[in-house]
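A structural walkthrough
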Amino acid sequence: LPALNPNLQTLACGATVSGDTTGAPRGYGLFPSGEHWYTLELPPGLAASSNGSSLQVTLSTCSGATAFDTLLAVYRGCPAFEGAAQMVGGSDDSPACAADPTLSVVTVDVASGGDAYFVLVQGAPGEGGAGAAEGRYELTMTCP
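Keep in mind the model is a prediction, meaning the values are calculated, not measured.

Conventions we followed
- Residues numbered from 1 in each chain as written.
- Predicted model: local features only at pLDDT ≥ 70, side-chain atom pairs only at ≥ 80, totals over all residues.
- Heavy atoms only, no water.
- Phe/Tyr/Trp six-rings, centres within 6.5 Å; stacked < 30°, edge-to-face > 60°.
- Helix = DSSP H or I, 4+ residues; strand = E, 2+ residues; numbered from the N terminus.
- Buried < 20%, exposed > 50% of the residue type's maximum accessible area, 1.4 Å probe, protein only.
- Pairing = 2+ DSSP bridges.
- Axes fitted to C-alpha atoms, helices over the stretch in contact; angles between N-to-C directions.
- Core = buried A, V, L, I, M, F, W, Y, C linked by side-chain atoms within 4.5 Å.
- Contact = heavy atoms within 4.5 Å.
- Polar contact = N/O pair within 3.5 Å; in protein donor to acceptor, adjacent residues only side chain to side chain.

Bringing the packing of aromatic side chains into the picture now. Aromatic ring pairs: the centre-centre distance and the angle between the two ring planes describe each pair. Counted under the stated rule, the structure contains one aromatic pair. Summarising the aromatic geometry, the rings of Trp37 and Tyr75 are spaced 5.7 Å apart at their centres and angled 45° between planes, so their arrangement reads as tilted. One end of the pair, Trp37, is in strand 3 (residues 35-41); the other, Tyr75, is in strand 5 (residues 70-76), and 38 residues separate them in sequence. Taking the relative accessible area as the measure of exposure, Tyr75 reaches 8% and is therefore buried.

Here is the structure:
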C-alpha cells in the first residue's frame with residue numbers, strides 16, 4: 001500500500017508506536033495535514049474466524065510524547081481504493097485524555113472474516129479552519 005504510506009507499519013494489541021507527521025504525505029485523510037497509516041494486526045483466532053466474532057480495540061494518542069492536536073480515524077478496507085473503505089470510528093479532542101483533551105482515543109469493534117483495518121493519525125484543523133497541526137505522536141493499541 002505505498003499509496004497510503006511507503007513505510008506502512010502493523011499495530012498489534014498491546015503495542016505502542018511513535019512517529020512524526022511533520023512533512024508526511026497527504027492525500028486520504030480527513031484534513032490537509034501530514035498523515036501516517038497503520039494496519040491493525042488481529043489476534044490469530046479472531047483473524048482466522050469466520051463466525052462473526054469481534055474484538056473491541058482501543059487506540060490512543062494520550063501520551064506525554066504526543067506534541068500536537070491529533071485526530072484518529074479507523075477504516076475497514078483500504079482507503080486508497082475508491083469506495084473500498086468504511087470509516088468505523090474516529091476521535092478528536094477526547095475527554096478521556098485528562099492531561100491534554102486535544103489528544104484522541106477511539107474504541108471500535110473489529111470483526112473477523114478477513115477484512116483489513118487501517119488507522120489514520122493526523123492533525124486536527126486549527127481554530128476557524130486554519131491549517132491542521134502536525135508533529136510527534138505516540139499511538140497505543142489495547143485489547144481486552
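Past the structure itself, the notes keep going.
Another point: the environment of Met141. When you line up the elements, Met141 lands in strand 9 (residues 136-142). Taking the C-alpha atoms as reference points, Met141 and Gly14, separated by 127 residues in sequence, lie 5.6 Å from one another.

Moving on, we come to the sheet that holds strand 2 (residues 16-20). Strands sit in the order 2-9-4-7 across an open sheet of four strands; the sheet is antiparallel. Among the strands making up the open sheet, the edge pair consists of strand 2 and strand 7 (105-111). Here the average twist between neighbouring strands, direction ignored, is 25°. Of the pairings in the sheet, the one linking strand 4 (residues 54-60) to strand 7 comprises seven bridges and is antiparallel in character. By the bridge assignment, Ser60 is partnered in strand 7 with Val105.

This part is about the pairing of strand 2. Of the two faces of strand 2, the one lined by Val17 and Gly19 is fully buried and the one lined by Thr16, Ser18 and Asp20 carries no buried residue. Strand direction decides the pairing type here: strand 2 and strand 9, joined by five bridges, are antiparallel. In the sheet register, Thr16 faces strand 9, and the bridge partner there is Thr140.

In this section: the nonpolar core. Residues Leu11, Tyr38, Leu40, Leu59, Val110, Val119 and Leu139 are the most contacted members of the largest nonpolar core, which totals 20 residues. Taken together, the elements giving at least two residues each to this core come down to strand 3, strand 4, strand 5, strand 7, strand 8 (117-123) and strand 9. Beyond its immediate sequence surroundings of up to four residues, Leu139 is in contact with Leu11, Ala15, Thr16, Val17, Tyr38, Leu59, Ser60, Thr61, Leu72, Val119 and Val121. With six residues, the next largest nonpolar core counts Ala73, Cys78, Phe118 and Leu120 among its residues.

Let us look at the side chain of Thr61. Within the fold, Thr61 resides in the loop between strand 4 and strand 5. There is a polar contact of 2.7 Å between the side chain of Thr61 and the side chain of Thr70. With sequence-adjacent residues up to four places away left out, Thr61 is seen in contact with Thr66, Thr70, Leu72, Leu103, Ser104, Glu138 and Leu139.

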